[in-house]
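Close look at the chain arrangement
If you want the building blocks of each chain, they are given just below.
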Amino acid sequence: MGDQGTDGRSGAPGVGRRTFLGYVLAASTLTVAAQFGESVAAPQRASAAVPESGLPEAGIPSLPEPSEIYDLNDMLTDAALPTANLISIQLGTDGTATLALPRAEVGQGITTSSAMIVAEELDIPLSQVRITLADARPELLFNQLTGGSNTTISTFTPIRVAAAIARGRLLNAAALALAEPIDTLTTALGVVTAASGAKMTYGQLATAAASVSTTAVSVTLKDAKDFTLVGTPQGRIDALDAVTGRKQFAMDLQVEGALPSMVCRPPTINGTVVSVQNQGAVLAMPGITDVAVISTGVAVRGATFGQCIDAVRALQVTWGPGTEDHSSDATVLAELAAAELPLVVPPLPLLTQAVDERFTFHFASNSALEPNCAVADVRSDRAEIWASLKSPIVAQEAIAADLGLPVSAVTVHVVQGGGSFGRKLFFDAAREAAEISKAMGKPVRLMWHRTDDFRQGRSHPMSTSRVRATYSLGEVISYEQRHTSVATDFSHGLGEIITALVAKLPVGDIGFSETIFELTQQTPYNFGVTTQLLSEVDKGFNTGSMRNIYSPNVRCAQELVVDKLAAAMNQDPYAFRRSFLKDQRAIAVLDTVARQGDWGRTMAPGTAQGIALHAEYHGFVAMLVEIDCTAATVDRKIPDAYTGPRVTKAVCAVDVGLAVNPLGLKAQMMGGIMDGIALTLSSSLHLTNGVFQEGSWDNYFYTRQWNVPNDLEIVVMPPTTGQPGGAGEFGVAASMAAVACAYARATGTFPTTFPINHDQPLGFTPLPTVPPIPQSPTDGLSRAY
Amino acid sequence: MPQHTFVLNGKQVTVDVEDDVRLLWVLRDILGVRGPKYGCGLGVCQACTSHLNGKAVNLCCIPVSDVASTDEVTTIEGLPATVGKDLHPMQEAWLEMDVPQCGYCQPGQIMAAVAKVLEARAAGHEIGDADFDEIRNICRCGTYVRIREAILSAADKF
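Residues numbered from 1 in each chain as written. Chains lettered and ligands numbered in written order. Predicted model: local features only at pLDDT ≥ 70, side-chain atom pairs only at ≥ 80, totals over all residues.

**Remarks on the overall build of chain B**
This is how the line gets drawn: A run of H or I in DSSP counts as a helix once it spans at least four residues, and a run of E counts as a strand once it spans at least two, with each numbered from the N terminus. Each residue is classified by how many other C-beta atoms fall within 10 Å of its C-beta atom, where C-beta atoms are placed from the backbone; a count of 20 or more means buried, 12 or fewer means exposed, and values in between mean partly exposed. C-beta atoms are placed from the backbone for every residue, and two residues are taken to be in contact when these atoms lie within 7 Å.
Within chain B, the regular secondary structure consists of 5 helices and 5 strands. Along chain B, helices (α) and strands (β) appear in the sequence β-β-α-β-β-β-α-α-α-α when read from the amino end. For chain B, the spread of C-alpha atoms along the three principal axes comes to 45 × 35 × 30 Å. The buried share of chain B, reckoned over its 158 residues, is 64%. Across chain B, the fraction of contacts at a sequence separation of at least 24, relative to all contacts at a separation of at least 6, is 62%.

Next comes the structure, spelled out in structure tokens:
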């Protein structure tokens, strides 16, 4: 492991390692905990930003005032609980260590990496660590949001502290039980061994090591050079469950009485129910138990989802207009153009030349393979929700407000998620399921149809990026970027409803988005006077962050301009980047992909390499791709598919400071590359009169097997900072940019609209909007293979 | 209500349900077999891929009335029928390559992979790029490369 800046060390040799404070909690078996973040000061800040006069009466749906459902005193009380802000580990008499992680696992691998951290510091086999997902814990305030690739950054040290305290307590208990001096004891693989050879397992010690009172304990952490598990490649702890079908997602849970439920949704975005003509007839359909009008459409409940689909299709509903009925791609583009912020750099000397480009990034879908779904059981005095939620506290508080219940009466269970990509930051299905369960007076298992998930689910907003860079005498003098976007909904806040409400305020929201933009966008190059600004328009769409938020679009634009600057200044794209990069870690990853990918090798006509870099989440990632844009490849025929240019090779080098699980990190990079390929080449939503045309995975062209590079190499750089950075979103931006740069070089055409196929004729026939969802085919037997 | 009988993961089952209800819902909602996943209900995403008499099918596209009492439906839960083993070699390869991320599509991917290998074998060729191009299963996490590696690794092990 790295020999500098590792956690738990001071800078000077000979000085003792840093001491951390944690707790032994009162419990029947050993239970330890550590402080989790610095949120205690947060309540005053958040509440001060909410005006007493209440929320504005704009057309945006507003949540109730916070004080109606959860006031400052509730918060302060919760924050003062002995367990507030603690992340805790419990030792069982069976020798297992259990951590209820206050985060959502949606495929990014945090349960595995967290288990590795516990196992490392506790000296326990990885197989004896259990990671569960904590229910919503309102007292955690800001500390139960899964986003920004932040989980390991924020939990690495607290988990280690808790585990180190547990190990210390186990050693103490063993010293007493074995009557041996503690400094003669060692720990390994969940066993304490004395110099005499006497042994006790952690399971045998779990009760004796417990405390009858909650006690503060100080502890030093294992030296990083002694790590034997952190930093080694480990398979996912849930892989066996995944490959055997035992892994349970929300729709796999057996909740008593929770029958399938679906919603008949309007034909345009955010349309409303005016009237239902045949509610009785639909109620009489086979299997159907309930039909209810709700705020987002008409809900049905039945014995099977298949019968719910039949019922949704049979409903005759008169719909009111939606919020974007007159909007199409072209009108939104015009809105964006009108809202673009001006460039500010003053006139430059005569010899200065400029690269000036404007890019368009179309609407994209963050729909996961698991559609929006949730189980809800709402009673008169309480409610229970099961869903994959990255902001479960906001969900809990919003649902409590909707139902008119105290927050404490709403239990929100966080379930393993079938992908997120930004979707699970929001809780649309959980909220809707609660509304339906209340309306019907019965538990429901609500699932969105795929077609609704694309058309009425949240989207990554359309945006434009205007870039002007000036250069003279071998130097880049200025770099200006004006990103203009349909508003991104950040009302999941920072995981807590008061910040969520701030994001709903028109003024506060602009500040919030700009803050996120400014906190995430970095220009890794020394380009002189650099300004990157965001402006937003149009809140009529249901939007949300998509994996890596603004970065894929912003950085794709920037890296294309970098290639243009390099060409204008007669430099090689790799050498040009290298000479302008600010950070040695950036240079190291760029050099690695250039070397491993044989940058500059002779390529056949119609094919080319592209190279790009991205800095975020305390890390650096570089991508080198090769693309084949020859007619033979572009015109490949696969039924109901978009083939197009094919990325044939991708080489990635990633430095996250400290890769807790290199195998998991590689998996996230691989996924990011597949996303980047799709964003540049194939996947977007087409908006026509308030309707997204895409309604299935054969319409929305996310990367499929026929688009996948056959040659993929991912290099995880050795530890640099000793502290883990972010991983889940990190691979997307550089991949998107590298593919775009390669496409430009292979075709000789500079792409300015993304994906590059967006303006081609639609590659599919759009599904009808009434009824809103298509019937399932019946020809399955004939397609067997 | 009509009765339907078929063999599910080696055991004969009988359900009372309307003829047109697709097998996916018969399994998931009535019989509680939830390995096969819903991803679209359109025969597109292939998340519900299972086997009918040893061939890969999309359960969302088969009305229950299409199956006869002797038809054998095998889901991921019934796959590891290899004698003396808990897992099918394809599942073992999946673990070896650490393929899953969120895992939602993986039962369907594995069922498709097994069928694709058997199809190539029956056609007398080794599984290759042309076969991969025919695997339509969506993986929104983008595990495709490891899927290929796992299939190639397991192809000669069953």
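**Looking at the overall build of chain A**
Along the backbone of chain A there are 21 helices and 31 strands. Residues counted as buried form 57% of the 785 residues belonging to chain A. A fraction of 80% describes how many contacts in chain A between residues 6 or more apart in sequence connect residues 24 or more apart.

**A word on helix H18 (residues 584-596) of chain A**
Residues spaced three or four apart along an α-helix point in a common direction, a consequence of the helix completing one turn every 3.6 residues. Residue and element names in this part refer to chain A. To keep things clear, this is the line we draw: Multiplying one less than the number of residues by 1.5 Å gives the expected span of a helix. Picture the helix axis, draw a direction to every C-beta atom, and the arc is the one those directions span.
Helix length check: H18 (13 residues) gives 18 Å between terminal C-alpha atoms against 18 Å at 1.5 Å per residue, within 8%. Buried residues of H18: Ala586, Val589, Leu590, Val593 and Ala594, and no others. Buried residues along H18 cover an arc of 135° about the axis, so they all sit on one side.

**Details of the sheet that holds strand E1 (residues 3-8) of chain B**
Residues and elements named next belong to chain B. For the record, the criterion: We treat two strands as partners when DSSP finds at least two bridges between them. Here an angle of 0 to 180 degrees is reported between the N-to-C directions of two axes, which are lines fitted to C-alpha atoms, with helices fitted over the stretch in contact.
Strand order across the open sheet formed by 5 strands is E2-E1-E5-E3-E4, with mixed pairing between neighbours. Two strands in the sheet have a free side with no partner beyond their single neighbour: strand E2 (11-16) and strand E4 (55-58). Across this sheet, the average inter-strand angle for adjacent strands is 40°, counted without regard to direction. Alignment of E1 against E2, held across 6 bridges, turns out to be antiparallel. Note that in E2 the partner of Leu8 across the bridge is Lys11. Its contacts with the sheet put helix H3 (residues 106-122) on strand E3 (49-52) and E4, and the angle it makes with E3 is roughly 45°.

**What to know about the interface of chain B and chain A**
The test is simple: The residue classification treats Ala, Val, Leu, Ile, Met, Phe, Trp, Tyr, Cys and Pro as nonpolar and Asp, Glu, Lys and Arg as charged. All others, Gly included, are polar.
Counting from both sides, the interface comprises 57 residues of chain B and, opposite them, 60 residues of chain A. No other element matches H3 of chain B, which puts 5 residues into the side of chain B that touches chain A. Here the side of chain B that touches chain A is built from residues that sort into 32 nonpolar, 13 polar and 12 charged.

**Quick look at the pairing of strand E25 (residues 607-616) of chain A**
Residues and elements named next belong to chain A. Among the 10 residues of E25, 10 are classified as buried, and the element is accordingly described as predominantly covered. A two-sided burial pattern is seen for E25, the buried positions comprising Thr607, Gln609, Ile611, Leu613 and Ala615 on one face and Ala608, Gly610, Ala612, His614 and Glu616 on the other. Pairing of E25 with strand E26 (residues 619-628), which is carried by 10 bridges, proceeds in the antiparallel orientation. Considered in E26, the bridge of Leu613 is made with Ala622. Adjacent in sequence and paired antiparallel, E25 and E26 are bridged by 2 residues, among which Tyr617 carries a positive phi angle near 55°.

**Concerning the packing of helix H4 (residues 110-122) of chain A against helix H5 (residues 151-178) of chain A**
All names here are of chain A. Filter applied, for reference: Two helices cross in a left-handed way if the nearer one is turned anticlockwise from the farther one by less than a right angle. They cross in a right-handed way if the turn is clockwise.
Running from amino to carboxyl end, H4 crosses H5 at an angle of 35°, the nearest separation of the two axes being 8 Å. By crossing handedness, the relation of H4 to H5 is classed as right-handed. The segment H4 lies against H5, with Ile110, Ser113, Ser114, Ile117, Val118, Glu121 and Leu122 engaging Thr151, Thr152, Thr155, Phe156, Ile159, Arg160, Ala163, Ala164, Ala166 and Arg167. Taken together, the residues of the contact of H4 with H5 sort by class into 9 nonpolar, 5 polar and 3 charged.

**Quick look at the packing of helix H17 (residues 573-580) of chain A against H18 of chain A**
Residues and elements named next belong to chain A. Which entries qualify depends on this criterion: For classification purposes, an angle smaller than 35 degrees is called roughly parallel, one larger than 145 roughly antiparallel, one from 65 to 115 roughly perpendicular, and anything else oblique.
Between H17 and H18, the least distance of the axes is 10 Å, while the angle of their chain directions is 165°. Looking at the two axes, H17 sits roughly antiparallel to H18. For the pair H17 and H18, the sense of crossing is left-handed. Facing H17, whose interface residues are Tyr574, Arg577 and Arg578, H18 presents Ile587, Leu590 and Ala594. The residue makeup of the contact of H17 with H18, split by class, is 4 nonpolar, no polar and 2 charged.

**Let's talk about unusual backbone geometry**
All names here are of chain A. Residue Pro755 is bonded to the preceding Phe754 through a cis peptide linkage, with omega at -5°. Here the bond from Val770 into Pro771 is cis, since omega is -10°, no more than 30 degrees from zero. Inspection of the secondary structure puts Pro771 in the segment after strand E31 (753-754). Phi is positive for Leu189, close to 50°, though the residue is something other than glycine. One can find Leu189 in the loop between strand E6 (186-188) and strand E7 (191-193).

**Considerations on the pairing of E4 of chain B**
In regular strands, side chains alternate between the two faces of the sheet. Residues and elements named next belong to chain B. As judged from the 4 bridges shared by E3 and E4, these two strands associate in the antiparallel manner. Among the inter-strand pairings, His51 is bridged to a residue of E4, identified as Ala56. As consecutive antiparallel partners, E3 and E4 are separated by 2 residues, and within that stretch Asn53 has a phi angle of approximately 55°, a positive value.

**Examining the sheet that holds E31 of chain A**
Residue and element names in this part refer to chain A. One open sheet holds the 5 strands; their spatial order is E24-E23-E22-E15-E31, and the pairing between them is mixed. At either end of the open sheet lies a strand with only one pairing partner, and these are strand E24 (529-537) and E31. Where strand E15 (residues 353-361) lies against strand E22 (residues 463-472), 9 bridges are found, and the strand directions are antiparallel. From the neighbouring strand, Glu357 faces E22, where its bridge partner is Val467. Along the sheet, helix H10 (residues 329-339) makes contact with E15, E22, strand E23 (475-486) and E24, crossing E24 at roughly 135°. Across the sheet, helix H16 (residues 551-568) is in contact with E15, E22, E23 and E31; its angle to E22 comes to roughly 30°.

**Remarks on H5 of chain A**
Residue and element names in this part refer to chain A. Stated formally: A residue's bend is given by the angle between axes fitted to the 7 residues ending at it and the 7 residues starting at it.
With 28 residues, H5 extends 39 Å from end C-alpha to end C-alpha; this agrees with the ideal 40 Å at 1.5 Å per step. Its maximal kink placed at Thr157, H5 deviates by approximately 25°, while the proline Pro158 follows within four residues. Note on H5: the residue one or two positions beyond its end, Ala179, has a positive phi of about 55°.

**Focus: the environment of Asn689 of chain A**
Assignment of secondary structure puts Asn689 of chain A in the loop between strand E28 (687-688) and strand E29 (691-692). When sequence neighbours within four positions are dropped, the list of residues in contact with Asn689 of chain A reads Asp325, His326 and Ser328 of chain A.

**With respect to the confidence of the model for chain A**
Residues and elements named next belong to chain A. Short version of the rule: Per-residue confidence from the prediction method is given by pLDDT, with values spanning 0 to 100.
Per-residue confidence for chain A averages 89 on the pLDDT scale, and 89% of its residues sit at or above 70. Counting interchain partners and residues more than four positions distant, the pLDDT-below-50 stretch residues 1-15 has 29 contacts. Considering only residues more than four positions removed or in separate chains, one finds that residues 38-73, a stretch of pLDDT under 50, has 51 contacts.

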